[in-house]
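# Structural characterization, general
Letter by letter, the chains look like this.
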Amino acid sequence: MKIHIIGGSGSGKSFLAEALSKEYGIPHYDLDELQWDQQAAAYGTKRDPQERQRLLEQILKQPDWIVEGVYYAWCQQCFADADWIYLLSVPRYQYRYRIIRRFVRRKLGIEKGKKESLQSVVNLLEWADRYQEENMVEIRAILAQYSDKIIEKGYRSEKT
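Not measured: the values here are computed from a predicted model. (Residues numbered from 1 in each chain as written. Predicted model: local features only at pLDDT ≥ 70, side-chain atom pairs only at ≥ 80, totals over all residues. Heavy atoms only, no water.)

## Thoughts on a nonpolar patch on the surface
Note the cut-off: For patch detection, residues must exceed 30% relative accessible area and be free of salt bridges, and they are connected within 9 Å for like charges or within 5 Å for nonpolar side chains (Val, Leu, Ile, Met, Phe, Trp, Tyr). Note on areas: Shrake-Rupley, 1.4 Å probe, and residue coverage restricted to the protein chains presented here. Should a side-chain nitrogen of Lys or Arg be within 4 Å of a carboxyl oxygen of Asp or Glu, the pair is scored as a salt bridge. Secondary structure elements are defined from DSSP: runs of H or I of at least 4 residues count as helices, runs of E of at least 2 residues count as strands, and each element is numbered from the N terminus.
The grouping of Ile100, Val104, Leu108 and Ile110 at the surface amounts to a nonpolar patch, some 370 Å² of accessible area in total. If you trace the backbone, leucine 108 turns up in the loop between helix 5 (92–107) and helix 6 (118–143).

So this is what it looks like as structure tokens:
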């Protein structure tokens, strides 16, 4: 089984990926691990696109996988290969709450994660708003050709 989960920050992608991975015994991959260079000295350093593509191709060659992330421009093959595509869209108040809660939990050492600063979280909140308002429109257009394998969870839009 091949599953692609896409949605904005705080939409529940990682939670769903972990739950499906446990339920079906399928490995799951966070596309952030392909996009960002975790070995770089500075937070927010992108991985070389050719290296990212090579890593993605390795995942897609496997018989079963779950990939999750916000990315769509370089994930066209994921959509084509997936048996199911989960499209997650939650209200603004919900994804903002989740982003802030995640940041606090990481700062307190309750949850593992990236070394974010307060400014990077503010930037992420602004980015998440733009993603929901702009990118989701483009994502829906790209995914229209795969309507027979889309499972949509959440709400279509939230203006507050």
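There's more to say after this.
## Notes on the environment of alanine 17
Spelled out, the test is: We call two residues in contact when some of their heavy atoms are within 4.5 Å.
One can find alanine 17 in helix 1 (residues 13–24). Between the alpha carbons of alanine 17 and valine 121 there is a distance of 23 Å; along the sequence they are 104 residues apart. Not counting chain neighbours up to four residues away, the residues in contact with alanine 17 comprise Ile5, His28, Ile66 and Glu68.

## Overview of the pattern of salt bridges
To be explicit about the condition: The rule is simple: take the accessible area with a 1.4 Å probe, protein chains only, and divide by the maximum for that residue type; under 20% is buried, over 50% is exposed, in between is partly exposed.
As enumerated under the stated definition, the model contains six salt bridges in all. With a shortest N-O distance of 2.7 Å, glutamate 51 and arginine 54 are connected by a salt bridge. Highlighted residues: glutamate 51 and arginine 54, both in helix 3 (residues 49–60), separated by three residues, approximately one helical turn. On the accessibility criterion, glutamate 51 (28% relative accessible area) is partly exposed. The class of arginine 54 is partly exposed, set by a relative accessible area of 38%. For glutamate 152, the salt bridge identified is with arginine 140, shortest N-O distance 2.7 Å. Of this pair, glutamate 152 sits in strand 5 (residues 150–154) while arginine 140 sits in helix 6, and the two are 12 residues apart along the sequence. Residue classification places arginine 140 among the partly exposed positions, given a relative accessible area of 22%.

## With respect to the packing of aromatic side chains
Inclusion rule: Ring pairs are drawn from Phe, Tyr and Trp, using the six-membered ring of Trp, whenever the two centres fall within 6.5 Å, and their geometry is named by plane angle: stacked under 30 degrees, edge-to-face over 60, tilted for the rest.
Applying the stated rule across the entire model yields two aromatic pairs. Relative to tryptophan 74, the ring of tyrosine 71 lies with its centre 5.1 Å away and its plane at 35°, an arrangement referred to as tilted. With a relative accessible area of 14%, tryptophan 74 lands in the buried category.

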